[in-house]
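So the chains spell out like this:
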Amino acid sequence: MLDDERFKLQFAGHETFPLRYGWLKKSFDAIFPDEEREEFDSRSIFTTDDAIANFGVGKNMVASMRHWSLASGILRNGGAEGEDPARLYTTELGRLILGEADPYLEHPASLWLIHWHFASMPGRATTWYWAFNEFHEPTFSRELLRTRLLRRCEELREAGRLRESRITETTLRRDVECFIRTYVARLSTSRASHEESLECPLAELFLIQPVEVGGAFQFRRGPKPTLPDEVFLFGLVQFWTTLFPKRGEFSVETLTHEPGSPGRVFLLDEETVADRLARLTDLTKGAIRWDESTGLRQVYSPDPKAAKPFKHLKRLFTSHSGARAA
């Protein structure tokens, strides 16, 4: 997808800071519910001198908060009919999670959805997309990650995709470091609690872990017990309708290995993908159907949107809210 002109590729923007606890909630609350008032200017929320005091962080962190709020799908730029493209708005997902059901990101579904937005398509977190979808080494060092990413950027530049970009080796080195810190907890000291060692909430997903020897890391592919089927469905339908809207079926292999697929983004193996796909017939009441009668393990749907993945997310979070209240 990095070659696809539909996607604007962005590196940096995070000011070297990974997403931190509380940032999305603070950003969301700064926009909602005032966003509908005509006199409310959301463009200045992250840019005025008051932003530092309002958010309680430094100038660079304010810029990072804005970056991650957009990259996570919690906020969006205007673009719908009648909207100011320069203004910021909350998303349906942001209102569900931070406005209603899970403001403190206590449910694993919230973290998986944020990860999906970071890594499923190129955009504000292009390095995150590339690492999960185009980088094929199960074990890696920071230097290997940076070298391969630099090579890919050079290929894109030669193909005309990054002609006007000013991407440097320093930019990519900072991106790689921020990427690692997104998913890997800092080494705990005797004085640091477990919570303090988790710089970014996505470290709780355990998608990447350190290797004991040589300062390397490895992706943890396999079953993900904390990943709800409703989030898997959300990713599948978005992958299907965005990238392959005219297709009526997918094989297990494609949904495990194709860039941007749930299997790639969530680091699932083929058997885990097959098990989850088999459960979707019941979950979606037949809108997406599992079939292996011909010897090929596939899912079919004439209209994947009919599965209504957001409805299932709302039901999932509603049950979580009810259990928490009880």
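The structure under discussion appears in the preceding block.
Residues numbered from 1 in each chain as written. Predicted model: local features only at pLDDT ≥ 70, side-chain atom pairs only at ≥ 80, totals over all residues. Heavy atoms only, no water.

Caption draft 1: Spotlight on the overall build of the protein. Helices and strands together make up the secondary structure of the protein, namely 14 helices and 8 strands. Relative to its length of 326 residues, the protein is compact, with a C-alpha radius of gyration of 20 Å against a globular reference of 20 Å. Across its three principal directions, the C-alpha atoms of the protein cover 65 × 50 × 50 Å. By the burial criterion, 51% of the 326 residues in the protein qualify as buried. A total of about 15900 Å² of accessible surface is found on the protein, and carbon and sulfur atoms cover 49% of it. When the 44 basic and 48 acidic side-chain charges of the protein are each reduced to a single mean position, those positions are 1 Å apart. (Helix = DSSP H or I, 4+ residues; strand = E, 2+ residues; numbered from the N terminus. Rg over C-alpha atoms; globule rule 2.2 N^0.38 Å. Buried < 20%, exposed > 50% of the residue type's maximum accessible area, 1.4 Å probe, protein only. Areas by Shrake-Rupley, 256 points an atom, 1.4 Å probe, with all protein chains shown as cover. Lys, Arg positive; Asp, Glu negative; His and termini not counted. Charge placed at Lys NZ, Arg CZ, Asp CG, Glu CD.)

Caption draft 2: Geometry of the pattern of salt bridges. One pass over the structure, following the stated rule, counts 17 salt bridges. In this structure, Arg-152 engages Asp-3 in a salt bridge whose closest nitrogen and oxygen atoms are separated by 2.8 Å. Separated by 149 residues along the polypeptide, Arg-152 in helix 7 (residues 142–158) and Asp-3 in the segment before helix 1 (23–31) bring together distant segments of the chain. When the shortest N-O distance is used, the salt bridge between Glu-137 and Arg-148 registers 3.4 Å. Of the two residues, Glu-137 sits in the loop between helix 6 (126–133) and strand 3 (139–140) while Arg-148 sits in helix 7, which places them 11 residues apart along the sequence. (Salt bridge = Lys/Arg side-chain N within 4 Å of Asp/Glu carboxyl O.)

Caption draft 3: Region of the structure containing the sheet that holds strand 6 (residues 249–251). Spatially, the 3 strands line up as an open sheet ordered 6-8-7, and their pairing is antiparallel. Strands with a single pairing partner mark the edges of an open sheet, and in this sheet they are strand 6 and strand 7 (289–291). The average undirected angle you get between the axes of adjacent strands in this sheet is 25 degrees. Inspection of the sheet shows strand 7 paired to strand 8 (residues 298–300) by 3 bridges, in the antiparallel sense. Its bridge partner being in strand 8, Asp-291 is matched across the sheet by Gln-298. This element, helix 13 (residues 270–283), spans strand 7 and strand 8 of the sheet and lies at about 125 degrees to strand 7. (Pairing = 2+ DSSP bridges. Axes fitted to C-alpha atoms, helices over the stretch in contact; angles between N-to-C directions. Contact = heavy atoms within 4.5 Å.)

Caption draft 4: Spotlight on a positive patch on the surface. The grouping of Lys-285, Lys-308, Lys-311 and Arg-315 at the surface amounts to a positive patch. For Lys-285, the position within the fold is in the loop between helix 13 and strand 7. Its relative accessible area of 73% is what places Lys-285 among the exposed residues. (Patch = residues over 30% accessible without salt bridge, like charges linked within 9 Å, V, L, I, M, F, W, Y side chains within 5 Å.)

Caption draft 5: Looking closely at the nonpolar core. One finds Phe-179 and Leu-277 to be the most contacted residues of the largest nonpolar core, which totals 101 residues. For this core, the element with the most residues is helix 10 (residues 229–243), which contributes 9 residues. (Core = buried A, V, L, I, M, F, W, Y, C linked by side-chain atoms within 4.5 Å.)

Caption draft 6: Structural detail: the environment of Ser-110. Following the sequence through the fold, Ser-110 ends up in helix 5 (residues 108–119). Separated by 204 residues in sequence, Ser-110 and Lys-314 place their C-alpha atoms 12 Å apart. In this structure, Ser-110 is in contact with Ile-97, Asp-102, Leu-105 and Phe-317, ignoring residues within four places of it in sequence. Of note is the side chain of Ser-110, whose polar atom sits 2.5 Å from the side chain of Asp-102. (Polar contact = N/O pair within 3.5 Å; in protein donor to acceptor, adjacent residues only side chain to side chain.)

Caption draft 7: Region of the structure containing the side chain of Arg-264. Structurally, Arg-264 is set in helix 12 (residues 262–265). The buried charged residue Arg-264 lacks any salt bridge, with Glu-258 as its nearest oppositely charged partner at 7.6 Å. Those residues in contact with Arg-264, other than ones at most four positions away along the chain, are Phe-132, Asn-133, Glu-134, Phe-135, His-136, Arg-221, Thr-256, His-257, Glu-258 and Pro-259.

Caption draft 8: Structural view of the packing of helix 1 against helix 4 (residues 92–101). Axis separation between helix 1 and helix 4 bottoms out at 10 Å; the angle between their running directions is 105 degrees. By the criterion of interaxial angle, the relationship of helix 1 to helix 4 is roughly perpendicular. Contacts between helix 1 and helix 4 pair Leu-24, Lys-25 and Phe-28 from the former with Gly-94, Arg-95, Leu-98 and Gly-99 from the latter. Grouping the amino acids of the contact of helix 1 with helix 4 by side-chain chemistry returns 3 nonpolar, 2 polar and 2 charged. (Parallel < 35°, antiparallel > 145°, perpendicular 65-115°, else oblique. Nonpolar A, V, L, I, M, F, W, Y, C, P; charged D, E, K, R; others polar.)

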